[in-house]
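Below, each chain spelled out in residue letters.
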Amino acid sequence: MIKFIIKLHPEIAIKSRSVRKRFTKLLENNIRILGQRFDEDVKVHNNWDNLVLVSEKDDEESRLALIDILKNIPGIMQFIEVAETPFESIDDIYQAALALNRDVIAGKSFCVRCKRVGKHDFNSGEVERYVGGGLNQNVEGARVQLSKPEVTVKIEIKQDLAYIVKETHFGIAGFPLPSQESVLSLVSGGFDSGVATYQMIRKGARTHYLFFNLGGAAHEIGVKQASYYLWNKFSSTHKVKFVAVDFDPVVAEILENVENSQMGVILKRMMMRAGSVVAEKMGIDAIVTGESLGQVSSQTLANLSIIDRVTDTLILRPLIQHDKQEIIDIAREIGTADMAEVMPEYCGVISKKPTVKAKIGKILAEEEKFDFDILDTVIENARVMDIRDIAKEAQEEVADAESVSDLPKDAVVVDIRSPEEEDNNPLDIEGHDVVHLPFFRLATKFSDLPKDKEYYLYCDKGVMSQLQALILHAEGYKTVKVYRP
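Residues numbered from 1 in each chain as written. Predicted model: local features only at pLDDT ≥ 70, side-chain atom pairs only at ≥ 80, totals over all residues. Heavy atoms only, no water.

1. Section: the environment of Leu177
Put simply, the test is: Each helix is a run of H or I in the DSSP string that is no shorter than four residues. Each strand is a run of E no shorter than two, and both are numbered from the N terminus. Each residue gets one of three labels from its accessible area relative to the maximum for its type: buried under 20%, exposed over 50%, partly exposed in between, using a 1.4 Å probe on protein chains only. The contact criterion used is simple: two residues touch if any of their non-hydrogen atoms lie within 4.5 Å.
As for its position among the elements, Leu177 is in the loop between β8 (161–173) and β9 (180–186). Here Leu177 falls in the buried class, since its relative accessible area comes to 3%. Separated by 25 residues in sequence, Leu177 and Arg202 have C-alpha atoms that sit 8.0 Å apart. Contact partners of Leu177, with chain neighbours within four places excluded, come to Leu26, Asn30, Pro74, Ile201, Gly204, Ala205, Arg206, Phe234, Ser235, Thr237 and His238.

2. Examining the sheet that holds β8
Keep this limit in mind: In short, DSSP must find at least two bridges between two strands for them to pair. Fitting a line to C-alpha atoms yields each axis, with helices limited to the stretch in contact; the angle taken between N-to-C directions then spans 0 to 180 degrees.
Across the sheet, which stays open at both edges, the eight strands sit in the order β2-β3-β1-β4-β8-β7-β5-β6 with mixed pairing between neighbours. If you trace the sheet from one side to the other, it starts and ends with β2 (43–46) and β6 (143–144), each paired once. Together, β1 (2–8), β2, β3 (50–55) and β4 (76–86) form the strand contacts of helix α2 (residues 17–38), whose direction differs from that of β2 by roughly 170°.

3. Thoughts on α2
Cut-off, in case you're wondering: Here the expected length of a helix is defined as 1.5 Å per residue gap, with one fewer gap than residues.
In this model, α2 (22 residues) spans 32 Å end to end at C-alpha, consistent with the 32 Å of a helix rising 1.5 Å per residue. Turning to α2, its buried residues are Arg20, Phe23, Thr24, Leu26, Leu27, Glu28, Asn30, Ile31, Leu34 and Gly35.

4. Describing the domain arrangement of the protein chain
We apply this condition: Marked domain ranges trace back to an automatic or database domain assignment.
Segmenting the protein chain into domains produces domain 1 (2–170), domain 2 (183–385) and domain 3 (401–483). Its C-alpha centre places domain 1 at a distance of 42 Å from the equivalent point of domain 3.

5. Looking at the packing of helix α9 (residues 263–282) against helix α10 (residues 301–308)
We apply this condition: Definitions for this section: a left-handed crossing has its near helix turned counterclockwise from the far helix by less than a right angle. A right-handed crossing has that turn clockwise. Charged means Asp, Glu, Lys or Arg here, nonpolar means Ala, Val, Leu, Ile, Met, Phe, Trp, Tyr, Cys or Pro, and polar covers whatever is left, Gly included.
Contact geometry of α9 with α10 gives a least axis separation of 9 Å together with a crossing angle of 35°. As for how α9 packs across α10, the hand of that crossing is right-handed. Residues Val265, Lys268, Arg269 and Met272 of α9 touch α10, and the partners they reach there are Asn303, Ile306 and Ile307. Class assignment of the residues belonging to the contact of α9 with α10 gives a composition of four nonpolar, one polar and two charged.

6. Things to note about a nonpolar patch on the surface
The criterion, for reference: A patch consists of residues exposed above 30% relative accessible area that lack any salt bridge, with like charges linked at up to 9 Å and nonpolar side chains (Val, Leu, Ile, Met, Phe, Trp, Tyr) linked at up to 5 Å. Using a 1.4 Å probe, the Shrake-Rupley method yields the accessible areas, and only the shown protein chains count as cover for residues. Between Lys or Arg on one side and Asp or Glu on the other, a salt bridge is scored when a side-chain nitrogen of the former is within 4 Å of a carboxyl oxygen of the latter.
A contiguous nonpolar patch, built from Leu293, Leu301 and Ile320 and spanning about 270 Å² of accessible area, is present on the exposed surface. Here Leu301 is to be found in helix α10.

7. Side note on the sheet that holds strand β11 (residues 241–246)
Spatial ordering of the open sheet is given by β13-β12-β9-β10-β11-β14, a layout of six strands whose pairing is mixed. Here the strands that pair on one side only, and so sit at the sheet edges, are β13 (314–316) and β14 (383–386). Taking the axes of each pair of neighbouring strands and ignoring which way they run, one obtains an average angle of 25° across the sheet. As paired elements, strand β10 (residues 205–213) and β11 share five bridges and run parallel to each other. The residue of β11 that forms the bridge with Phe211 is Ala244. Sheet strands in contact with helix α6 (residues 191–202) are β9, β10, β12 (286–288) and β13, and its direction is about 160° off that of β10.

8. Some remarks on a negative patch on the surface
So the rule is basically this: Charge assignment in this entry is limited to Lys and Arg as positive and Asp and Glu as negative, and neither His nor the chain termini are counted. Charge coordinates come from a single atom per side chain, which is NZ of Lys, CZ of Arg, CG of Asp or CD of Glu.
Taken together, the side chains of Glu40, Asp41, Glu56, Asp58, Asp59 and Glu61 present a region of like negative charge at the surface. Of note, Glu61 is situated in helix α3 (residues 60–71).

9. Description of the state of the cysteines
Short version of the rule: Throughout, disulfides are identified as pairs of cysteine sulfur atoms within 2.5 Å of each other.
In total, this model carries zero disulfides according to the counting rule given. Here Cys111 stays unpaired: no disulfide links it, and the sulfur of Cys114, its closest cysteine neighbor, is 12 Å away. Given a relative accessible area of 4%, Cys111 falls into the buried group.

10. Structural notes on the pairing of strand β7 (residues 151–158)
A regular strand places its side chains so that they alternate between the two faces of the sheet. Of the strand pairs in this sheet, strand β5 (residues 109–117) and β7 are connected by eight bridges, and their pairing is parallel. Bridging from a neighbouring strand, Lys115 pairs with Glu156 of β7. The antiparallel pairing of β7 with β8 creates a hairpin that spans two residues between the two strands, and Gln159 there sits at a positive phi of about 55°.

11. With respect to the UniProt feature "domain: THUMP" (unreviewed entry) in the protein chain
How we decide: UniProt positions are given in the numbering used here, feature names are shortened, and annotations may be inferred rather than shown by experiment.
As annotated in UniProt, the feature "domain: THUMP" (unreviewed entry) corresponds to residues 64–168 in the numbering used here. Along residues 64–168 one finds 37% helix and 36% strand; the C-alpha atoms at either end are 13 Å apart.

12. Section: the pattern of salt bridges
Across all of its chains, the model carries 23 salt bridges by this definition. A salt bridge links Arg32 to Glu28; its shortest N-O distance comes to 2.9 Å. Taken as a pair, Arg32 and Glu28 lie in helix α2 at a separation of four residues, close to a single helical turn. Accessibility expressed as a relative area gives 23% for Arg32, which makes it partly exposed. On the accessibility criterion, Glu28 (7% relative accessible area) is buried. We note a salt bridge from Arg269 to Glu367, for which the minimum N-O separation is 2.7 Å. One end of the pair, Arg269, is in helix α9; the other, Glu367, is in helix α13 (residues 360–367), and 98 residues separate them in sequence. Looking at Arg269, the relative accessible area reads 3%, which means it is buried. Taken together, the shared-partner salt bridges connect Glu60, Arg63, Glu81 and Glu167 into one network.

Structure below.
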C-alpha cells in the first residue's frame, strides 16, 4: 500500500473557516481526479487539517508516478510518505520505526522527532527518547545527535495510529484550481510568457491561452506544444481554451503607416485591444503578460502606462520585478526552458530607436493612421479550441506520418525525450538503431542524420512526437513517422 499525508499550504490554513473548507474541497477533488487517472481505485480522505491519498498499489513505478502527480498540483506545499501502524505501546511504535529505518540510519547520526494528537499515557518526548534509545542500541554504527543529525526519524501519532515518515516531498504550493477567477494569458512560447502562465496557474486561476501568431504554422505548433505542456503538467483537472489570432496583417499595417520609434508600443496596444475583446467574449476579466520592468524598450514604466490606457481590462504582470535569469531559472524548474530556448523570436516590429518614454498624444496621432478594420477582422477570425484537442489535432495533421507499433526493417527510432527522461527509462529496441535527440535539438540537429533512412519519433505519450513530426514535415522531411509501442 502507498500512503501520502498532504499538508495544507499555510495560506489555506489561515483562511476563514468557510474559505478554508472551499479551498480544501477543491484540492481534494483535484487530487482525486488526477490520482484516479492513474489508479481508478485510489482513495482521498479530507481530514480538515490534512488530506490523505491511499493506493493499494505497492510497486516503485506506481509510487514515483503518484509522487510526480502530487508535486505538480497547485495548493500542495508539502506531503509526506508514511507507513501506517496501529499500536498498543511505545514499543510497538519503536519496532515499526526500527523495521523502516534500520538501513537508513546505519553508520549515521540521527535524532527522533514526534508529533502527537490524542490522549495517550505518554508524551511526545517520551516517544522520542524510547525510540531513539532503541535505535541507538540496535542499529550498527547509528548514534544519536540532536543538533544537525544526518537523518531525522519522523513519527506522527494520531489517536491509536502511528505514522512513520518514510520521506518528505515538496509541491508547488499556491492555491487549488479554480479558487480564483479565470485569466487569459498572452503566450509566445518564450521564457517569460510560460513562467507568467505557470505563476497564475499555481495561484489557483483557471488560465486560458491567447497566441498572437507572427511566425506562421511552425510558430503556432511550437506555442501549442508549450501551452499544452503547461496545462497538462499543472492544470489538467480543468478545461481551458487556446485562442490563436493571426497578427501578421496588423504588423504589416503598423510597418507601413506608423512612425518607426512608436511601433513597439503601438503593437502592444493592438495586442491589448485584441486581448480585451477575446477576454470579454470568454467572460474573463483579466489578461496576463510576461512583461518585466525595463527588460525591453516597451516595458519601461512610461510605456507600460501608455499600453495599459488602451483598455479597461485588468492587466496582470506576475513577473514585473523578476530579473531575466530568475525567469530562466523558474522555466528550468518547471520544464519549459528547453522549448523556450529553441523557440524562434518573432518581434513583429523592430524599431531603430524605439521610444522608452512614449507620449499619449504622439501615440494617438500615429494610431489615427492605422486601419482598425484590420484589427477587427483578425479578432473576428480568431481560432478557439479546447486545449485538450491539441493532441488530437496534432495526430490528425500528421495522419500521413502514421503512428506504428511495429517497426519495419531498417527503421531508425529517434528518442526525442529530454535527457532526464531517457536516463530514467532508457529505450532499447532489439534489431533497431535508436538515436537519442531531444525534441529541443531536432530543429538544429535532425538535418545531420542520413537522408536514406525512415525515422520514427518516440516519446512517452506520443503528443510531443506528433507535434515534432508535423514541424519536420513542414520543413520537407517526409520520411518521418511516429513510433507508438
